[in-house]
Amino acid sequence: MLSLSLHQARKLALLSQGLLSSLPKGAALDKAHAVIAQLSYVQIDTISVVQRAHHHVFWSRSPSYKPQHLNQLVASKRVFEYWAHAAAYLPMSDYRYSLPRKHALKTGQQQHWYKKNPALMAEVYQRIKDEGPLMAKDFESERKTVQGWGSKPTKQALESLFMQGDLMISERRQFHKVYDLTERVLPAEINTRLPTPLEYGEYLVLRYLKAHGIGQLGQFCYLLKDVKTPVSDAVRSLLDKAKICEVTVEGENYYASCDALARLGSRLNRKRAKILSPFDNLLIQRKRALALFDFDYQIECYVPAAKRQFGYFSLPVLWDGRLVARADCKVDKKAATLNLIHLCIEPHVKQADFLDALHLELDAFAHFNHCDTVNIQRISVR
């Protein structure tokens, strides 16, 4: 069994994530598509104290990215919205592997967080079929009572139809979803055959390893329902077929794709700093980030203000191949200023070198957020 050092494991994770490595080639739109094709999904988030998470993740890997590029990828049917471990954009080429969850929800094998109302769902579906794409606000719900998650019944019906695969999101307008029939959104050439459990399990394992370099069984199954058995079967099958191999890191067992290990020969730009989203694919699994990067991270926007250590929306900062700081940032749109309210640096960091790199990244991040200036208010060492 191959043994990787922690240094090698971090490098493999960063290279697989497209961070601190060579940039995608081609036009800006194609670069954006290359990013999501490598990552397999980009999480959607509504918080907007800086550019929303889904745009931030693209920009971190392709600095030529603009928010309109994601809209163009959706419009050209190269990307679609559905569910990964959370609401996400996914490559359209992976559409087939969204079908197991949709099938389970439609047949009642899994339960959605909204209770189904078949009569209302049929009514909503028929209106979209007859009238074309519609938003939730286009439906006047006669029911005044609000049920689960604070949504009106027609919104719940739309989401149920979306989650079970009858509707897709054709676009967003001012971040509001526009729903249309799946048959009118889906490209004709897309494979819509339901994968077998083994095919689905192998997809989950190989896609994870492509995006992350190494992984463990629990990481392959992260926040996914009813997948442990097919994923376990897939691991055994892929080992037998020599598509993946077992490796150890600091005494911990992991799996890696045999192809991914070849990336260790690629160069990592350790002098470059990267400001990441709290929802970045690199560290969305917090236990993994702690194990591989010794970075104990928690987003604090959901923590009472008096109990916050680092700030409302502290952004992880990558430098020298490690996660080394937290930058609590907020955009002042009127003043066109990026306020860095609190920068907290890990104690092992060589501050002079790090701050030189961070200033360059802050300037670029400010520009990405349509800001002309950066205002650093406080710096501390953890």
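Above this text you will find the structure in question.
What you see is a predicted model; the values in this text were computed from it and never measured.

Participant: Run through the environment of Asn117, naming residues and quoting values.
Facilitator: Looking at where Asn117 falls in the secondary structure, it is placed in the loop between α5 (99-107) and α6 (118-131). Its relative accessible area of 30% is what places Asn117 among the partly exposed residues. Taking the C-alpha atoms as reference points, Asn117 and Phe365, 248 residues apart in sequence, are found 45 Å from one another. Polar side-chain contacts of Asn117 include one of 3.1 Å to the backbone nitrogen of Leu120.

Participant: Tell me what's going on with the side chain of Ser277, and back it up with residues and numbers.
Facilitator: Within the fold, Ser277 resides in the loop between β10 (274-275) and α12 (286-293). Classification of Ser277 as buried rests on a relative accessible area of 1%. Discounting residues that sit within four places of it in the chain, Ser277 has contacts with Ala53, His56, Val57, Leu283 and Pro316.

Participant: Describe the sheet that holds strand β8 (residues 244-249), with residues and values.
Facilitator: Pairing between the strands of a sheet is mediated by backbone hydrogen bonds and can be parallel or antiparallel. Ordered by their spatial adjacency, four strands build an open sheet running β1-β8-β9-β7, and the pairing between neighbours is mixed. The open sheet has two edge strands, β1 (2-4) and β7 (214-215), and neither has a second partner. Across two bridges, the pairing between β7 and strand β9 (residues 252-257) is antiparallel. Each bridged residue has a counterpart across the sheet, and for Gly215 the counterpart in β9 is Tyr255. This element, helix α11 (residues 228-240), spans β8 and β9 of the sheet and lies at about 105 degrees to β8.

Participant: Give a detailed account of the packing of helix α1 (residues 6-17) against α12, specifying residues and quantitative values.
Facilitator: At a closest axis distance of 9 Å, the pairing of α1 and α12 adopts a crossing angle of 135 degrees. One element, α1, and the other, α12, form an angle in the oblique class. Across the interface between the two elements, Leu6, Ala9, Arg10, Ala13 and Leu14 from α1 touch Arg288, Ala291, Leu292 and Phe293 from α12.

Participant: Just give me the short version of α6, but keep the residues and values in it.
Facilitator: End to end, α6 covers 20 Å across 14 residues, agreeing with the expected 20 Å (1.5 Å per residue, within 8%). All buried positions along α6 are accounted for by Leu120, Met121, Val124 and Ile128. The arc that holds the buried residues of α6, viewed along the axis, is 105 degrees, so those residues lie on one side. Opposite the buried face of α6, by more than 90 degrees, sit the exposed residues Pro118, Ala119 and Asp130. Packing partners of the buried residues in α6 comprise α7 (153-163), β5 (167-173), β6 (176-181) and α8 (182-185). Positioned one or two residues after α6, Gly132 has a phi angle of 95 degrees, which is positive.

Participant: Describe the side chain of Asp280, and please don't skip the residues or the numbers.
Facilitator: The residue Asp280 is located in the loop between β10 and α12 in this model. Here the side chain of Asp280 touches Leu282 through a polar contact of 2.9 Å, landing on its backbone nitrogen. Excluding residues within four positions of it along the chain, Asp280 makes contact with Gln17, Leu19, Val57, Ser60 and Arg61.

Participant: Explain unusual backbone geometry to me, using residue names and the numbers behind them.
Facilitator: One non-glycine residue with positive phi stands out, namely Gln174, at about 50 degrees. Inspection of the secondary structure assignment puts Gln174 in the loop between β5 and β6. Accessibility expressed as a relative area gives 73% for Gln174, which makes it exposed.

Definitions and limits used
Residues numbered from 1 in each chain as written. Predicted model: local features only at pLDDT ≥ 70, side-chain atom pairs only at ≥ 80, totals over all residues. Heavy atoms only, no water. Helix = DSSP H or I, 4+ residues; strand = E, 2+ residues; numbered from the N terminus. Buried < 20%, exposed > 50% of the residue type's maximum accessible area, 1.4 Å probe, protein only. Polar contact = N/O pair within 3.5 Å; in protein donor to acceptor, adjacent residues only side chain to side chain. Contact = heavy atoms within 4.5 Å. Pairing = 2+ DSSP bridges. Axes fitted to C-alpha atoms, helices over the stretch in contact; angles between N-to-C directions. Parallel < 35°, antiparallel > 145°, perpendicular 65-115°, else oblique. Expected span 1.5 Å × (residues − 1). Arc of directions from axis to C-beta.

Read these as geometric descriptors, not functional statements.
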